[in-house]
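Below, each chain spelled out in residue letters.
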Amino acid sequence: MINGLSPIYKMDQLTFKFPFFKKFYEQDFFVSTNNFSAFKLIDNWPKWPGKWLNIYGEKGSGKTHLSKILEKKIYKAKLIEANKINNSIIEDLNNLDCLIIDSFKNNIDEKLLYSIFNQSKQLDNFILINSKISIKNVEFKLEDLKSRINSFIFIGIELPTDDLLKVVISKMLSEKQITIKPKLTEFIINNVERSYEKMFKFLKELDEISLSTGKSININLIKKVLKNE
């Protein structure tokens, strides 16, 4: 049990009961039922049920954002793209409490990855791996590596829902003292790629063009920004 929340184990995936309907807002990260379990683990570090965590989900679901929140929580943490990992990471682990590997696409040499896990196990430090699909579904060839993968906690997160995107839009625009009609909000949700990253980028550009032209946000201004995307 973590902070009064009872974990539910279904197969080898850890989830938490979502105890309320209110959305959180922390460092531009909005929390809802689609990402609550992942957020709760990050928020509760180091009180994890295991040392190794795999967060998986589509691009734009917030995996990297969560990683950056975790990185800021830990004094000795290293966030690195999977394709930039080389043998020097083994030595780096000696000075880390947590290694965060972003954008894993089975793009690390298997022997090196196995060595990373072994070194981490000896040092008893943490690992977070972000990936599009669960790493338990990656077809690794090295049998010893497969057994190490079984030691991970697996948390899936989904792309933001319409309700969550409405909160994002309302919150970000209200900070600029901007309000828009519900129909415009619906239009934005239906026409901007469903990801936090794309929505933040779109709203930033919409605000900038509104300021530069001196025009309030309307359907024509929204379409202009969409055209430039």
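Residues numbered from 1 in each chain as written. Predicted model: local features only at pLDDT ≥ 70, side-chain atom pairs only at ≥ 80, totals over all residues. Heavy atoms only, no water.

## Quick notes on helix 9 (residues 219-228)
Buried within helix 9 we find Leu-221, Ile-222, Val-225 and Leu-226. Buried residues of helix 9 fall within an arc of 140° about the axis and therefore sit on the same side. Exposed residues pointing more than 90 degrees away from the buried face of helix 9 are listed as Asn-220, Lys-227 and Asn-228. Summarising the contacts, the buried residues of helix 9 are in contact with helix 7 (182-191) and helix 8 (196-213). (Buried < 20%, exposed > 50% of the residue type's maximum accessible area, 1.4 Å probe, protein only. Helix = DSSP H or I, 4+ residues; strand = E, 2+ residues; numbered from the N terminus. Arc of directions from axis to C-beta. Contact = heavy atoms within 4.5 Å.)

## Some points on the pattern of salt bridges
Pairing between side chains of opposite charge can happen when the charged atoms of each approach one another. Taken as a whole, this structure holds nine salt bridges when the rule is applied. Asp-162 is the salt-bridge partner of Arg-194, the closest N and O atoms lying 2.6 Å from each other. Of this pair, Arg-194 sits in the loop between helix 7 and helix 8 while Asp-162 sits in helix 6 (residues 162-174), and the two are 32 residues apart along the sequence. What makes Arg-194 partly exposed here is its relative accessible area of 31%. With a closest N to O distance of 3.1 Å, Lys-166 and Glu-186 form a salt bridge. With Lys-166 in helix 6 and Glu-186 in helix 7, this residue pair connects regions lying 20 residues apart in the sequence. Judged by relative accessible area, Glu-186 falls into the partly exposed class, the value being 31%. (Salt bridge = Lys/Arg side-chain N within 4 Å of Asp/Glu carboxyl O.)

## Quick notes on the packing of aromatic side chains
All chains considered together, the criterion is met by seven aromatic pairs. With a centroid separation of 5.4 Å and an interplanar angle of 45°, the aromatic rings of Trp-52 and Phe-152 are classed as tilted. With Trp-52 in strand 5 (residues 52-56) and Phe-152 in the loop between helix 5 (143-149) and strand 9 (153-156), the pair connects residues that are 100 residues apart, well separated along the chain. Residue Trp-52 is classed as buried on the basis of its relative accessible area of 5%. (Phe/Tyr/Trp six-rings, centres within 6.5 Å; stacked < 30°, edge-to-face > 60°.)

By themselves, these are just geometric observations and shouldn't be taken as functional.
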